[in-house]
Amino acid sequence: MKWAKFHIIFICCVSGSLFSQSKLNQFLKPSDTLNKPRRNAVIISESSLATVALIGLDQLWYADYPRSSFKTINDSSEWLQMDKFGHVFSSYQLGRIGANTLNWAGISKKDQLLFGSTLGLGFLTAVEVMDGFSEEWGFSWTDMAANVTGTGLYIGQELLWKEQRILLKYSFHRTDFAKQRPDKLGNGLFEEFLKDYNGQTYWLSANLNTFFKTDYIPNWLNLAFGYGADGMLTGDPNDPLFLNQNRTRQYYLSLDIDLTRIKTNSNVLKTIFDVFNVIKIPFPAIELNSEGRLKMHYFYF
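Conventions used here
- Residues numbered from 1 in each chain as written.
- Predicted model: local features only at pLDDT ≥ 70, side-chain atom pairs only at ≥ 80, totals over all residues.
- Heavy atoms only, no water.
- Helix = DSSP H or I, 4+ residues; strand = E, 2+ residues; numbered from the N terminus.
- Contact = heavy atoms within 4.5 Å.
- Areas by Shrake-Rupley, 256 points an atom, 1.4 Å probe, with all protein chains shown as cover.
- Lys, Arg positive; Asp, Glu negative; His and termini not counted.
- Charge placed at Lys NZ, Arg CZ, Asp CG, Glu CD.
- Phe/Tyr/Trp six-rings, centres within 6.5 Å; stacked < 30°, edge-to-face > 60°.
- Lys NZ or Arg CZ within 6 Å of the ring centre and 35° of its normal.
- Salt bridge = Lys/Arg side-chain N within 4 Å of Asp/Glu carboxyl O.
- Buried < 20%, exposed > 50% of the residue type's maximum accessible area, 1.4 Å probe, protein only.
- Expected span 1.5 Å × (residues − 1).
- Polar contact = N/O pair within 3.5 Å; in protein donor to acceptor, adjacent residues only side chain to side chain.
- Pairing = 2+ DSSP bridges.
- Axes fitted to C-alpha atoms, helices over the stretch in contact; angles between N-to-C directions.
- Parallel < 35°, antiparallel > 145°, perpendicular 65-115°, else oblique.
- Left-handed = near helix turned anticlockwise from the far one by under 90°.
- Nonpolar A, V, L, I, M, F, W, Y, C, P; charged D, E, K, R; others polar.
- Core = buried A, V, L, I, M, F, W, Y, C linked by side-chain atoms within 4.5 Å.

What follows concerns the overall build of the protein chain. For the protein chain, the helix and strand inventory stands at 11 helices and eight strands. Counting only C-alpha atoms and orienting by the principal axes, one finds that the protein chain spans roughly 75 × 50 × 50 Å. Of the contacts formed within the protein chain by residues at least 6 apart in sequence, a portion of 68% connects residues at least 24 apart. A total of about 17,500 Å² of accessible surface is found on the protein chain, and carbon and sulfur atoms cover 65% of it. Across the protein chain, the 30 positively charged side chains and the 29 negatively charged ones have centroids separated by 12 Å.

Here's what the structure looks like:
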């Protein structure tokens with residue numbers, strides 16, 4: 001009798017779970033035509049999030065530093081350009097998210113590119129203007145160029161191929177440099193993930209089958225080209241307090257997986273794959289640095 005009760009409860013729970021998953025699966029399915037409630041939800045949500053984020057930055061970050069009249073700076077030589085790759089990556093990913101959410105709402109492809117893929121450029125431009133009025137920083141034209149590059153990489157591929165054959169991805173590993181300057185490079189894993197440029201690698205991940213059209217290469221297999229840097233305790237290469245930095249550029253060749261090209265009928269899995277597709281999948285990698293040294297990584301992240 002107890003087993004029978006448990007069996008009935010189990011069936012009810014599984015049925016309820018399947019029903020919930022079915023509803024979620026249907027909810028996540030992109031609309032074939034314009035869905036006005038979804039469109040309105042996307043516009044309100046993205047506008048609200050952007051506004052809250054900018055107000056939060058102004059009150060929680062910029063308020064701790066003196067304000068100034070608007071000024072520009074030239075920071076193109078800092079951090080071996082790792083910060084610029086960060087801008088390219090952020091602009092690309094925000095634009096991709098913006099276009100994908102409009103696609104979910106059934107917005108036309110033209111409007112996805114016009115209003116969705118420019119989301120990152122608009123948001124990061126607003127942040128750059130806020131930098132311009134801060135005594136600590138300034139409006140950076142090279143940052144803006146990086147922002148435009150990230151947006152252009154997304155839009156250009158959609159116009160040329162109607163798909164993203166080359167993805168921008170990110171990977172991170174902890175380094176000892178953050179321990180030497182935790183105030184600048186991060187104190188703890190989360191801060192280091194954002195601040196320690198020594199542990200960051202940015203990747204161009206190209207899908208092989210979209211270029212070579214072969215039957216023997218898995219459709220989800222990518223070839224990835226990475227860029228990283230090492231030996232940086234400060235952004236300025238001529239900082240008098242850190243004259244003995246061994247700053248090196250690092251170039252990588254590796255394999256990767258485009259999770260969005262794994263076949264599945266589940267919209268839940270498609271959404272999960274799309275979210276995690278910003279991260280480079282760990283694989284063996286070959287490294288060549290700016291000092292001419294070649295190194296093999298059996299497992300690189």
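Moving on, we come to the packing of aromatic side chains. Tallied over the full model, the rule gives 20 aromatic pairs. Ring centres 5.9 Å apart and planes at 80 degrees place the aromatic pair Y62 and W137 in the edge-to-face group. Here the residue Y62 occupies a position in the loop between α2 (36–60) and β1 (72–73), and W137 occupies one in the loop between α5 (119–132) and β2 (139–140), the gap between them amounting to 75 residues. By the ring-pair criterion, three or more aromatic residues cluster together here, those being F85, F89, Y170, F172, F193, Y202, Y227 and Y251. Sitting over the face of the ring of W203, K280 holds its NZ or CZ atom 4.7 Å from the ring centroid.

Moving on, we come to the pattern of salt bridges. Within this structure, the stated rule accounts for 13 salt bridges. With a shortest N-O distance of 3.0 Å, R67 and D58 are connected by a salt bridge. Looking at R67, the relative accessible area reads 47%, which means it is partly exposed. D58 sits in the partly exposed class, given a relative accessible area of 22%. Each of D75, D83, K84 and D143 takes part in one network of salt bridges that share partners.

With 25 residues, α2 ought to run about 36 Å at 1.5 Å a step, and its terminal C-alpha atoms sit 35 Å apart, in line with that. Among the residues of α2, the N-terminal cap falls to N35, whose side-chain oxygen and the backbone nitrogen of R38 are separated by 3.1 Å.

Next up on the list: the sheet that holds strand β3 (residues 166–172). Taking strand neighbours across the sheet as the criterion, the six strands line up as β3-β4-β5-β6-β7-β8 in an open arrangement whose pairing is antiparallel. Single-partner strands in this sheet number two, and they are β3 and β8 (294–300). Between one strand and the next, the sheet's axes are offset by a mean angle of 25 degrees, whatever the strand orientation. Lying on the sheet, helix α3 (residues 82–104) is in contact with β3, β4 (200–207) and β5 (221–230); it crosses β3 at an angle near 125 degrees.

At a minimum axis distance of 7 Å, the contact between α3 and helix α6 (residues 141–161) shows a crossing angle of 40 degrees. Classified by the interaxial angle, the pair formed by α3 and α6 is oblique. Note on packing geometry: the crossing formed by α3 with α6 is right-handed. In this structure, α3 uses D83, K84, H87, V88, S91, Y92, R96, A99 and N100 to contact α6, whose residues at the interface are T142, D143, A146, N147, T149, G150, T151, L153, Y154 and Q157. Among the residues forming the contact of α3 with α6, the class breakdown is six nonpolar, nine polar and four charged.

Okay, α3 next. For α3, which comprises 23 residues, the first-to-last C-alpha distance of 33 Å matches the rise-based estimate of 33 Å (1.5 Å per residue) to within 8%. Just downstream of α3 lies G106, where phi reads positive at about 80 degrees.

Further remarks concern the side chain of N222. Tracing the chain through its elements places N222 in strand β5. Among the polar contacts listed, one links the side chain of N222 to the side chain of N207, at a separation of 2.9 Å. Non-local contacts of N222, meaning those with residues more than four positions away in its chain, are made with L167, S205, A206, N207, L208, S254, L255, D256 and D258.

Below, the discussion takes up unusual backbone geometry. Phi is positive for W79, close to 55 degrees, though the residue is something other than glycine. Relative to the elements of secondary structure, W79 occurs in the loop between β1 and α3. Of note, L80 is a non-glycine position whose phi angle comes to about 50 degrees, a positive value. Along the chain, the position of L80 falls in the loop between β1 and α3. By relative accessible area, which is 11% here, L80 ends up buried.

This part covers the nonpolar core. Grouped together as the largest cluster of nonpolar side chains are 25 residues, with contacts concentrated most on M82, F89, L185 and M232. The set of elements that each furnish at least two residues to this core consists of α3, α6, β3, α7 (177–180) and β5. Here the element with the most residues in this core is α3; it accounts for five residues. Discounting chain neighbours no more than four positions away, the residues touching M232 are W79, L80, M82, F177, L185, Y197, N198, Q245 and R247.

The values are spatial; any link to function lies outside them.
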